Structures are given as structure tokens and as C-alpha cells.
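# Report on the structure
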Amino acid sequence: MQRIAIIDIGSNSARLVITHIYKNGAYNMVYNQKEALRLSQKIDKNGNLTQQAFTDTIETMKSFAYMCKLYHADRIIAVATAAIRNAGNGAELTRLVQRETDINLHIITGNTEAYISYLGVINTLPYHSGIIFDLGGGSTELILFQDRKILESVSVPIGAVNTTALFNTRDTVSSSVYGELSFFLRTRLAEYPWLKQPKLPLIGVGGTARTIGKMHQRATKYPTTKIHNYKLTVQAFRGIFNRLKNSTLEERRKISGLSSDRADIIIAGAAIINALFEVTGSKQLITSGCGLREGLFYDYYSKERGIPLIAEDILARSTDNILNLYTPDLTHSHHITNLALTMFDAWKPLHGLGKNCRRLLKTAALLHDIGITINFYSHARHSAYMIQNAKLFGLTHKEQLLASAVAGWHNGISKSYFSRDPLYMTMLTENNWQTVSRLALLLALAESLDYTQTGILSITRAGINNEGAFLELKEHGNPVIELHQIRAHLKWFFKTFGKPLHFKVTED
């Protein structure tokens, strides 16, 4: 097992993330620490970091170094961004960090920062084209990508902290000051004509973008707190922005979803997003919970494991990671998945579901047994909970909920169980539940065909005829338990599809 520590010293805050990489390649975050440094506010008139900035950074790095030692970190990857990069004495600070903590703090360029943030986004969000903005305290990295490849990128030295200081937007903001701020931001962004992309979404990385998403979730009573891949329209954003512009600092500190330590810099940060909407013409904001730190990890992991730096299929890769973390029997999981997908493909005229539902069935089938790590008894409901909360990339919040319900329903629980959870009942419609029932039935049948987890049955042929649906099975032993389980689901099949299921078994 390897323990990898990622340290990001930004212009507003510093973070330490420690991730375990297990022998089978699975990885899992085990520690996360954030410290508010506000380095962009600790710059003197000559453009140097103040003594207070030095003291605070060294203190934070000593704390991080202690936690790395406590967690027995095998590798520490530490980077510094805009505030230290742009300071005249930034290199002096990194040398002091090396001397005091034995950690090599690398100052990365703006273009490198943009690229690493892109890696964090492209490996965790299912969009082929868009404009990424990584809005930090002292800079904003802008990346235009199409077909999952970078076309343009730039680091602009405007961030939530230094823009707040430049226009004094900590408390109330007059219309004249806001006019100057807006003109300044639009003028700076207009230097990059490639930003004009009205058909592409804005993908926001960083604390400001996450905060806007959280505020919208609270205002609309969104039933989950997941922020990664959360979407809101430009109209919704401007509703939030107008509320922020017309509030005092004390009033902002009481807004749900807006942390008190960000209330003083949120107007400048939101103004940057608003200017991006105006310059790009985009109509949608997508919030990313992954960025620089995740990009640094993927860069290390891909080299260490010899795999592509950019995942071809982010859902497949993240599902495999969860599977390897929690599943003791990978052979059974893959066998069940193949059985379920074979029936899905053969009975399309019967269930009437499309490619996206096939994708959800595959995810649920692969992960249907991960709840066994908690308790074998009632493991289906544990699997549902774990899938619902897993770091699965490439699914919307609703799709992840659907996959979790399929895995939970396939073995002993039904819609009545989920009705106790307001999240499921709020987000899923009656049509969604019909889809879940059909997919769960296919998964239950697949589970029946390998109930002893010995691969004793395989499907040689499946389809639909005048008598109903049929399965032709080949036995590789004595499948008495499997056949009993299949018969137990025949009523469910007829109730769901209005046709009987017939099966025939031949010897190997």
C-alpha cells in the first residue's frame, strides 16, 4: 500500500489531502485538512509576501508535515500557486519551507496550474466540451476544451481575494464601484476572444463556484448536498448574484450555504463568474468538486500504474475503483453483470429501455454486493447506501440514485423501503420507479443464475417468442439452488412485463 499526500498552497487557503493506494490499484482518500491563509491579502506595497505570510505558511506547513508523518506518507507532492508565484520573495518562502519542514514546495506556472485543474475535471465530469474556470484567491485559470482536449488555456491574475482588496468589496458595494469592477473584469477577459462560446457550459472549480452551488441548493431545498456535477442556469446564478450585491457583510454571513469565512470575498468572486457569463455567452454553470488536487493525484497515479492519464470512460474507471475497494469476489460481480446485460439486450422489446438504462444496470450489477463489507445480512440496502454516496463519476445525481435503488431492490427490499428516505421520494418520479423495478428484476434474475457464486449456469440464448420471454441455460454442475431462485422470481417477471418467463437447462 502507498500513502500519497497532496499539498496545495493557494492564494486563499491551503489544503492537505492524503490518499491510500492499495496493492490492487484501488485508491481512497483518508484525510483532508484545510487552513485559511489569505496570502493574497498579505502582500506589501513592493509585491512581496509579508512576514505574517511567512509565519502563517510555515506554521501551516509544519502542521501538514506532522499529519503526513502521522499517516506515514510515502510521497508528498506539494505545489504553490498564484500568491507565492507572483510574489517577489516567493522562492525565498519555498526555501524556508524546505528548511523547516523538509517538504519541497514547487511553485507551478499559471499554465501548469490550468492543465492540472483540467486533469481533475476531465477525469471526473462527463462533458466533452466546455470552458473550465478555476477561480482561486489570486488568479483564475481558464481552459477551453473540445472533444476532451485542451484548445486554449491561460492564467489571469484576478481572483476572489486580490479583486476584493483592489475594489474594497468586503462589505457593501455601491453601484459606481460595482460598475468599475464589472468594467475591469470584462475588459481583462475580452483579451481572450476564444472565450466567446455561447453553446458551451461554464465548469467552475474552486471555493467560489462551490459556494454558489451550495447557496442555490439551500435556496431551492435541493434534497442532497452533493456539489460535484451540480448544475444551475445563468438566470439562477444572477438571482444569487443580485442578492449578494444588495447585502451587507453581516447579512451575507447569515445566508444559508455561504460560509462566514468566505462572506467578505464572495462578491468579487461572484463578479468574476458573472463577467465570464457575459463574455462567453454561456447559459449554464456546472460545479466541479474536483480540480487541482485531484489532477495532481491522477498525474501521479497514471504514471505509477501505467494507465492513460485521461480516462476513456470515467464511469467505468470510477466503478472499477469502488469495486476493487469493497468487493471480495470480482469474478462473481463480473459474471452477474454479463448475465444481466445479456438479458437486457435480448429483451429490449419487452422492457423498452435505452442505452442510458443499460449503463445504470451495469453500474448497479458490478457494485450490487459491496454492502457485504458492512454486513452480509441486508447487504442489498447497504450496497444501495454505498453506491448512493460513492465517488462515481459520469452520472448525474439522479442517475446515481437510480443505480443505487436498482442494487438495493434486487434482493429482498422494494419501493416501500426507499419510501422512508425523502431523498429517493423527492428526486425520483413514478416513471423512474418503473424503470428501477425493471432493471432490479433483471439484476435479481442474474443473481439467481449465480446464487452459489460458482458460475454454474451460463446463458446460451435469450429472447422473446409467442409464448413470452425465454432463457436457454447451460449447466456446469448441479444448479438446484439457482433453479429454485429463478422460479421464485417468475411471478415478479409476469407482474412487471405481463408475459411469462420460460427457461430450459441443458448439460454442458
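Now for a quick tour of the structure. (Residues numbered from 1 in each chain as written. Predicted model: local features only at pLDDT ≥ 70, side-chain atom pairs only at ≥ 80, totals over all residues. Heavy atoms only, no water.)

In total, this model carries 14 salt bridges according to the counting rule given. Close ionic contact of Arg293 with Asp8 constitutes a salt bridge, the shortest N to O distance being 3.0 Å. With Arg293 in helix α11 (residues 292–305) and Asp8 in strand β1 (residues 2–9), this residue pair connects regions lying 285 residues apart in the sequence. Owing to a relative accessible area of 10%, Asp8 belongs among the buried residues under this scheme. Between Arg85 and Glu141 there is a salt bridge whose closest N-O contact spans 3.8 Å. (Salt bridge = Lys/Arg side-chain N within 4 Å of Asp/Glu carboxyl O. Helix = DSSP H or I, 4+ residues; strand = E, 2+ residues; numbered from the N terminus. Buried < 20%, exposed > 50% of the residue type's maximum accessible area, 1.4 Å probe, protein only.)

Looking now at the sheet that holds strand β4 (residues 75–80). Across the sheet, which stays open at both edges, the 5 strands sit in the order β3-β2-β1-β4-β5 with mixed pairing between neighbours. Each edge of the sheet is formed by a strand with only one pairing partner; in this case those strands are β3 (27–36) and β5 (105–107). Taking the axes of each pair of neighbouring strands and ignoring which way they run, one obtains an average angle of 20° across the sheet. When strand β2 (residues 13–21) meets β3, the two strands line up antiparallel, connected through 9 bridges. By the bridge assignment for β3, Val17 is matched with Asn32. Against the sheet, α11 makes contact with β1, β2, β3 and β4, and its axis sits at roughly 145° relative to β1, the strand it touches most. (Pairing = 2+ DSSP bridges. Axes fitted to C-alpha atoms, helices over the stretch in contact; angles between N-to-C directions. Contact = heavy atoms within 4.5 Å.)

Here we take up the pairing of strand β10 (residues 230–233). Because side chains alternate across β10, one face comprises the buried residues Tyr230 and Leu232, and the other comprises Lys231 and Thr233, none of which is buried. Bridging between β10 and strand β11 (residues 284–288) involves 4 bridges; their strand directions are antiparallel. Its bridge partner being in β11, Leu232 is matched across the sheet by Leu285.

For Leu181, the position within the fold is in helix α6 (residues 175–189). On the accessibility criterion, Leu181 (0% relative accessible area) is buried. Measuring from C-alpha to C-alpha, the distance between Leu181 and Thr169 comes to 9.3 Å, with 12 residues separating the pair along the chain. Those residues in contact with Leu181 that lie beyond four places of it in its chain are Thr163, Phe167, Thr169 and Ala271.

Moving on, we get to the sheet that holds strand β12 (residues 457–465). If you walk across this open sheet you meet the 3 strands as β12-β13-β14, and the pairing is mixed. The strands lining the two open edges of the sheet, one partner per strand, are β12 and β14 (501–507). Mean inter-strand twist for the sheet, computed between neighbouring axes without regard to direction, equals 20°. Pairing geometry for strand β13 (residues 468–475) and β14, over 7 bridges, is parallel. Note that in β14 the partner of Glu475 across the bridge is Glu507.

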